[in-house]
Amino acid sequence: MGHFQKIYQMLFFWATLIFTFTSCSQQEETELIKHPNVLFISLDDMNDWVEPLAGNEQTLTPNLNKFAEEGVNFSKNYCASPGCNPSRSAMLTGLHTYSSGMYSNYQEWRKVPKLTEVPTMGQHFRNNGYYTAGAGKIFHYNQVDTLGWDDYFPSINNPMPPDDFPAQRPANMPRFQYMYGMFDWSPLSIADEETSDFQSVDYIMQQLDKNHDKPFFLAAGIYRPHLPWNVPQKYFDLFPLESIQRPKIIENDTTDLGNVAKELIKRGGNYHKHVIEANQWEKAIQGYLASIAYADAMVGRLLEALEQSPYADNTIVVIWSDHGWQLGEKMHWRKFALWENVIRTVMMMKVPPGLERMPNGSAKGEVTTNLTSLIDIYPTLVDLCNLPPRDDLDGLSLKPILENPQEPISRPVITTYDYGSYSIRFEKWHYIKYIDDSEELYDLEKDPEEWHNLALTDSLLDIKNKLATYIPPNPIDLPEESLLELMEHHVPPFRSKEYFFSQERKEWMKRFE
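Residues numbered from 1 in each chain as written. Predicted model: local features only at pLDDT ≥ 70, side-chain atom pairs only at ≥ 80, totals over all residues. Heavy atoms only, no water.

Caption draft 1: Structural context of the overall build of the chain. The helix and strand tally for the chain stands at 16 helices and 16 strands. The C-alpha atoms of the chain give a radius of gyration of 25 Å, which matches the 24 Å a tight globule of 513 residues would have. By its C-alpha atoms, the chain is 110 × 55 × 45 Å across when sized along the principal axes. When the accessible surface of the chain is summed, it comes to about 21800 Å², and 51% of that surface belongs to carbon and sulfur atoms. (Helix = DSSP H or I, 4+ residues; strand = E, 2+ residues; numbered from the N terminus. Rg over C-alpha atoms; globule rule 2.2 N^0.38 Å. Areas by Shrake-Rupley, 256 points an atom, 1.4 Å probe, with all protein chains shown as cover.)

Given below as C-alpha cells:
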C-alpha cells in the first residue's frame, strides 16, 4: 500500500469518526421528550377577577399575569358545572356530568356507577409510568382518589391541611338562618408560612427539589379564594375598604328571569338581602380580592420553585379554577348558577419546547378566544404526554390551540346545573334552559353583563332553536345511591323533572321563602 493511500485511509478513518461523534451528539441534543412532567395547579372558586381575564379593575395578580405572558391564556373557558364536586369530578375523570350522572355537590362521586369504571387523571398517569403526588384540594374535600397517587399531603385520606380562622367567629358576616357557615371574611394576624395553602405549596416545592427517576405528575390544590376569606392582613391592606367598588348592576335586572333563576338567587336564605342589611358588601369584596391576591402569591411560589429546579425545561404547567363566583351581580352570591361569570373559569397552559408531541412548545403570551372547557385538560395532557389514548373522554385535545391560539375553532361548550338545566356557549351567544323549560339568551358581545334576556325576541328564534339542539338528548340520570345526606341549609339537587315539581321538594324549599 502506498504512502499516500495510507494517509488517505487514515484521514478517512478520522473523518468518519468525527462525523459519527458529531451526528450522535446532534441526535442527543435534538432528542425530543416523550413523557414530559406535569405541574397541575388548582385554584378554588376563582372567577374572572384576575388580571389575565380582566374581570375586575381592582384585582392584583402579578404571578398569574406573568404566567399568562409565558403561555396560552384560554380567556373563554368554562366549567362542566358551577359546583366544586361535579366540576372537579368531570375534569378529573374526563366524563361530563351528563355522561356520568355526577351533577351535584351533594353526591359522592365514587358511588356514581359510571365513574367507578373509568381511570381518573391521576390513575392514568400512575398506571403509565408516572410518579404522582398531590397536596390540598384536588378532588372535593375528603372524596379522594385513593388509587391515583403515590404520595399525598397531608395524607391520602386527609388531603387538606387544617384551615385558618380568626379568634372570633363570625368575624364580620352575621349569621342568618340556613347560611353556609363559612360565609365570612377577615384578615389574619399570621404570616404566610402559618397558612394551610403555604403548607400544601411547600410540599409540592419539596417534590420539585427531589431527584426523580421517572416523569412526574404533581398536583397542587390551592384552596383560596374559597370561603372563608381569611388570609394574612397584608393582603387586605392591598385593597383599602374606601377604594372598593361594587360590581356593575342595573335596577330590575331579574325581572326578565324565570322561576328557577329567581330560586337560585334566593338559594339558601337570600344571601344578597342579608349582605346588604349587614352593610358587608364592600367588606366581602375586599375579602375576596385579598384571597385572590394570596392565592396568586402561592402560585408565584410554585412557579419560582419550578424555574429554579432541574425540571424547568421539561414540565408542562396547567393552572385552572373549578368555576367562577358572583358577589352581588343579579343579586346573587356564591356559585351554583349558570350565568357567565359563574361558569367562566381560569385556565392557562405552558408547554416547553422539545416535546415529541409539540417540538416548538406552546405559543408564548397569547390569548385565545376559542371556547374551551375544563374537561379538555384530560385529553390534552394525554396527548402531550404520550399516554395511551382514551376514546371515552368528552373533551378535546387543545394541542391545536396551544400551537396556534388565533386559529378559530367553532364548537359549543356545555355547562350543567344539577340534572336538567343547561348553559350553551356558542360563538357570541349564551343560551340557558332550565329544568322547568324557562330560558335565557344573551348576546355577550353587546351585553357582557347579561342584563337583557333575549329569549322571547322573535327575530332570534332560529338562533335560540339552533343553540337548543346542542343540549344532550339522553343525559344520564342522577343515581340515587350517590346522594349524600342533606344538611338543613342545602338545596336538594334537581334529580329529575318529576322530582323538581314534586311535593317533597316543595316542602323542603319552603324554609327558604
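Caption draft 2: The packing of helix α6 (residues 196-208) against helix α10 (residues 281-307), seen in detail. At a minimum axis distance of 9 Å, the contact between α6 and α10 shows a crossing angle of 10°. By the angle class used here, α6 and α10 are roughly parallel. Residues D197, F198, V201, D202, I204, M205 and L208 of α6 form the contact with α10, whose participating residues are Y294, M298, R301, L302, A305 and L306. Considering only residue class, the contact of α6 with α10 consists of 10 nonpolar, no polar and 3 charged. (Axes fitted to C-alpha atoms, helices over the stretch in contact; angles between N-to-C directions. Parallel < 35°, antiparallel > 145°, perpendicular 65-115°, else oblique. Contact = heavy atoms within 4.5 Å. Nonpolar A, V, L, I, M, F, W, Y, C, P; charged D, E, K, R; others polar.)

Caption draft 3: Representation of the sheet that holds strand β16 (residues 439-443). Taken together, 4 strands build an open sheet; the order of strands is β13-β14-β15-β16 and the sheet is antiparallel. Looking at strand neighbours, the two that pair on one side only are β13 (413-417) and β16, the edges of this open sheet. When the angles between neighbouring strand axes are averaged without regard to direction, this sheet yields 15°. The pairing of strand β14 (residues 421-426) with strand β15 (residues 429-433) spans 5 bridges and is antiparallel. Counted as the bridge partner of R425 is H430 from β15. The sheet strands contacting helix α14 (residues 461-468) are β14, β15 and β16, and the helix crosses β15 at an angle near 70°. (Pairing = 2+ DSSP bridges.)

Caption draft 4: Spatial organisation of the confidence of the model for the chain. Averaged over all residues, the pLDDT of the chain equals 93, while 94% of them reach at least 70. This stretch, residues 1-28, has a pLDDT under 50; its non-local contacts, to residues over four places away or in other chains, come to 2 contacts. (pLDDT = per-residue confidence, 0-100.)

Caption draft 5: Here's a closer look at helix α3 (residues 84-93). Taken across its 10 residues, α3 has 10 buried, putting it largely inside the fold. Contacts from the buried residues of α3 go to β1 (37-43), α4 (97-100), α5 (121-127), β8 (315-321) and α12 (377-384). Just past α3, the residue G94 takes up positive phi, approximately 85°. (Buried < 20%, exposed > 50% of the residue type's maximum accessible area, 1.4 Å probe, protein only.)

Caption draft 6: Structural detail: the environment of D436. Within the fold, D436 resides in the loop between β15 and β16. Spatially, the C-alpha atoms of D436 and P232 are 44 Å apart, while their sequence positions differ by 204 residues. Of note is the side chain of D436, whose polar atom sits 2.6 Å from the side chain of S438. (Polar contact = N/O pair within 3.5 Å; in protein donor to acceptor, adjacent residues only side chain to side chain.)

Caption draft 7: View of the side chain of D197. Counting through the fold element by element, D197 comes out in helix α6. Here D197 sits buried without a salt bridge, and the closest side chain of opposite charge, R224, lies 5.2 Å off (N-O distance). A polar contact is formed between the side chain of D197 and the backbone nitrogen of Y223, at a distance of 2.8 Å. Reaching out from D197, the side chain makes a polar contact with the backbone nitrogen of R224 at a distance of 3.1 Å. Setting aside residues no more than four positions away along its own chain, D197 makes contact with G221, I222, Y223, R224, Y294 and M298. (Lys, Arg positive; Asp, Glu negative; His and termini not counted. Salt bridge = Lys/Arg side-chain N within 4 Å of Asp/Glu carboxyl O.)

Caption draft 8: How the structure looks around the sheet that holds strand β12 (residues 366-373). With mixed pairing, 8 strands are arranged side by side in an open sheet as β4-β3-β6-β1-β8-β11-β2-β12. This sheet does not close on itself; its edge strands, each paired only once, are β4 (151-153) and β12. Direction aside, neighbouring strands of the sheet carry axes that sit 15° apart on average. Across the sheet, α3 lies against β1 and β8, angled at about 170° from β1, the strand it touches most. Contacting β1, β6 (216-221) and β8, α10 crosses the sheet at an angle of about 170° to β1.

Caption draft 9: Structural view of the pattern of salt bridges. Enumeration over the complete set of coordinates arrives at 26 salt bridges. D48 is paired through a salt bridge with R344; the nearest N and O atoms lie 3.1 Å apart. Of the two residues, D48 sits in the loop between β1 and α2 (62-68) while R344 sits in the loop between α11 (340-343) and β11 (347-350), which places them 296 residues apart along the sequence. On the basis of relative accessibility, which here comes to 10%, the residue D48 falls in the buried class. On the accessibility criterion, R344 (10% relative accessible area) is buried. E108 serves as the salt-bridge partner of R110, at 2.8 Å between the closest nitrogen and oxygen. For R110, a relative accessible area of 35% translates into the label partly exposed.

Caption draft 10: Expanded view of the nonpolar core. The biggest cluster of nonpolar side chains holds 80 residues, and the ones touching the most others in it are F40, M121, F125, F217, W339, I377 and L381. If one sorts the elements of this core by residue count, α12 sits on top with 5 residues. (Core = buried A, V, L, I, M, F, W, Y, C linked by side-chain atoms within 4.5 Å.)

Caption draft 11: Broad picture of the packing of aromatic side chains. Following the criterion strictly, the structure yields 27 aromatic pairs and no others. Relative to F217, the ring of W149 lies with its centre 6.3 Å away and its plane at 35°, an arrangement referred to as tilted. Taken together, the residues span a long stretch of sequence, with W149 in the loop between β3 (131-136) and β4 and F217 in strand β6 at a distance of 68 residues. When its relative accessible area of 8% is taken as the criterion, W149 is described as buried. Ring centres of F494 and F500 lie 5.0 Å apart, and the angle between their planes is 75°; this geometry places the pair in the edge-to-face category. Judged by its relative accessible area of 0%, F494 falls in the buried class. Judged by relative accessible area, F500 falls into the buried class, the value being 10%. Among the aromatic side chains, those forming a connected cluster through ring pairs are W49, F176, F183, W185, W229, Y271, W281, Y288, W325 and W333. Positioned above the aromatic ring of F336 is the side chain of R267, whose terminal nitrogen or guanidinium carbon lies 4.0 Å from the ring centre. (Phe/Tyr/Trp six-rings, centres within 6.5 Å; stacked < 30°, edge-to-face > 60°. Lys NZ or Arg CZ within 6 Å of the ring centre and 35° of its normal.)

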